[in-house]
Amino acid sequence: MAAAEGRGDMRIFDTYDELATDLAEYVAQLSESSVKERGYFTVALSGGSVIGLLGKLCEAPYNKTVDWTKWYVFWAEERAVSKNHSYSNYKLARDSFLSKVSILNNHVCSINDSKTVEDVAMQYEFTIRQLVKARVLGVSGVNDCPKFDLILLCMGSDGHIASLYPHHPALELTEDWITHVTDSSEPPPERITFTLPVINSASNVVVLATGEDKARAVHLTIDNVGQDFDASSVPARLVEPVDGKLVWFMDMAAASQVIANK
Ligand SMILES: O=C(O)[C@H](O)[C@@H](O)[C@H](O)[C@H](O)COP(=O)(O)O
């Protein structure tokens, strides 16, 4: 594992299967330590390939060794569609992962899909505030943001993470925990997303980047590209946990430009 000077640790894998195996082990270890320390494991998922990769956790030994009843599951981004829509990140997670392990239904904190996207965001933030009050979610020691045990993000080829896109005004938000966007560059246009203060307050953030189309954005995020570089053009560069750990899980193709720069 290599450290990328303040930009997190990098784990680079030859094969997708090796990446999936290591990610599953990483998540299982965080689950164990969080449950031991706090009694819960609070994890936020994203769209993209990460949910499929978590399928490894449904297999032995994790299906038996992970204390699923202590998990609380959230979404760092969700498409504003009904829960049965093929675009729903909830549906994706339910079909490929959640339905196969013994996570309690009332610990699955999905969006209310019968409201406008603006109301969905407000209600989701309210739900999270209630769980902070109930001490299921920790609180950052630096600001009043929730401190998720783990936020899992996928990076897009334009460097977006969650539903925070290059140059989008949502990148500027400092007070909101959850916001909504109506102009996503990929379908569907309406989504809710964690804001950067919430992402950067987590105890652990994983960014997953796979495929050659991510190589340039990975380079612009991790390598030293000069002080004048406009970080809002590559939102992943704005992921800098204030009191937490950032780890990149990448395949060789996504890491190729970073490796070439070493
Ligand atoms: O809501 C979405 O559609 C996701 O945010 C999506 O943008 C994803 O993060 C990237 O496409 C990377 O996904 P992969 O890791 O699957 O390439």
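Each chain carries its own residue numbering, running from 1 in the direction its sequence is written. Local features in this predicted model are restricted to residues of pLDDT 70 or higher, and side-chain atom pairs are both shown and tallied only at a pLDDT of 80 or more, whereas totals for entire chains, interfaces and linings draw on every residue. Only hydrogens and water are removed before side-chain values are computed, so all heavy atoms of the structure are retained for them.

Caption draft 1: Expanded view of the overall build of the protein chain. Secondary structure follows DSSP: runs of H or I at least 4 residues long count as helices, runs of E at least 2 residues long count as strands, and numbering of each begins at the N terminus. A tally of helices and strands in the protein chain yields eight helices and twelve strands. We compute the radius of gyration over the C-alpha atoms and compare it with the globule rule, which gives 2.2 Å times the number of residues raised to the power 0.38. For 262 residues, the compact-globule estimate of 2.2 N^0.38 gives 18 Å, and the C-alpha radius of gyration of the protein chain, at 17 Å, lies within 12% of that figure. Considered along the principal axes of its C-alpha atoms, the protein chain spans approximately 45 × 40 × 40 Å. Three exposure classes are used, based on accessible area relative to the maximum for each residue type with a 1.4 Å probe and protein chains only: buried under 20%, partly exposed in between, and exposed over 50%. Counting over 262 residues, the protein chain shows a buried share of 55%. When checking whether two residues touch, look at their non-hydrogen atoms; a contact exists if any pair is within 4.5 Å. Taking all contacts inside the protein chain whose residues are at least 6 apart in sequence as the whole, residues at least 24 apart take part in 74%. Here the protein chain has roughly 11500 Å² of accessible surface; of this, 48% comes from carbon and sulfur atoms. We score Asp and Glu as negative and Lys and Arg as positive, and we do not count His or the chain ends. Charge positions are represented by NZ for Lys, CZ for Arg, CG for Asp and CD for Glu. Here the protein chain contributes 23 positively and 35 negatively charged side chains, and the mean placements of these two sets differ by 6 Å. Residue exposure ignores everything except the shown protein chains as possible cover, and the areas themselves are Shrake-Rupley values with a 1.4 Å probe.

Caption draft 2: Here's a closer look at the site of the ligand. Any residue with a non-hydrogen atom lying within 4 Å of a molecule or strand is treated as near it. If you check the shell around the ligand, you find 13 residues, and the closest are Glu77, Arg79, His160, Glu186 and Arg191. Counting of polar contacts relies on pairs of N or O atoms within 3.5 Å, with two restrictions inside protein: one atom must be capable of donating a hydrogen and the other of accepting it, and residues adjacent in sequence are counted only when both atoms are side-chain atoms. In the environment of the ligand, an oxygen atom lies 2.5 Å from a nitrogen or oxygen atom belonging to the side chain of Arg79. One nitrogen or oxygen atom from the side chain of Arg191 is found 2.7 Å from an oxygen atom belonging to the ligand. For the ligand, the accessible surface in isolation is 410 Å², of which the surrounding protein chains cover 82%. Just so you know the grouping, Ala, Val, Leu, Ile, Met, Phe, Trp, Tyr, Cys and Pro go in nonpolar, Asp, Glu, Lys and Arg go in charged, and all remaining residues, Gly too, go in polar. Here the shell around the ligand is composed, by residue class, of three nonpolar, five polar and five charged.

Caption draft 3: Region of the structure containing the pattern of salt bridges. Between Lys or Arg on one side and Asp or Glu on the other, a salt bridge is scored when a side-chain nitrogen of the former is within 4 Å of a carboxyl oxygen of the latter. One pass over the structure, following the stated rule, counts 14 salt bridges. Glu32 serves as the salt-bridge partner of Lys36, at 3.9 Å between the closest nitrogen and oxygen. Here the residue Lys36 and the residue Glu32 both occupy positions in helix α1 (residues 16-38), the gap between them amounting to four residues, near one helical turn. Comparing Lys36 with Glu32, the two get one shared label, exposed. Asp213 is paired through a salt bridge with Lys214; the nearest N and O atoms lie 3.6 Å apart. For Asp213, a relative accessible area of 46% corresponds to the partly exposed category. Here the residues in one salt-bridge network are Glu77, Glu186 and Arg191, joined through shared partners.

Caption draft 4: Layout of the side chain of Thr221. On the secondary structure map, Thr221 appears in helix α7 (residues 215-222). By relative accessible area, Thr221 is classed as buried at 2%. Dropping the residues within four chain positions of it, Thr221 is found in contact with Arg7, Met155, Val234, Ala236, Arg237 and Trp248.

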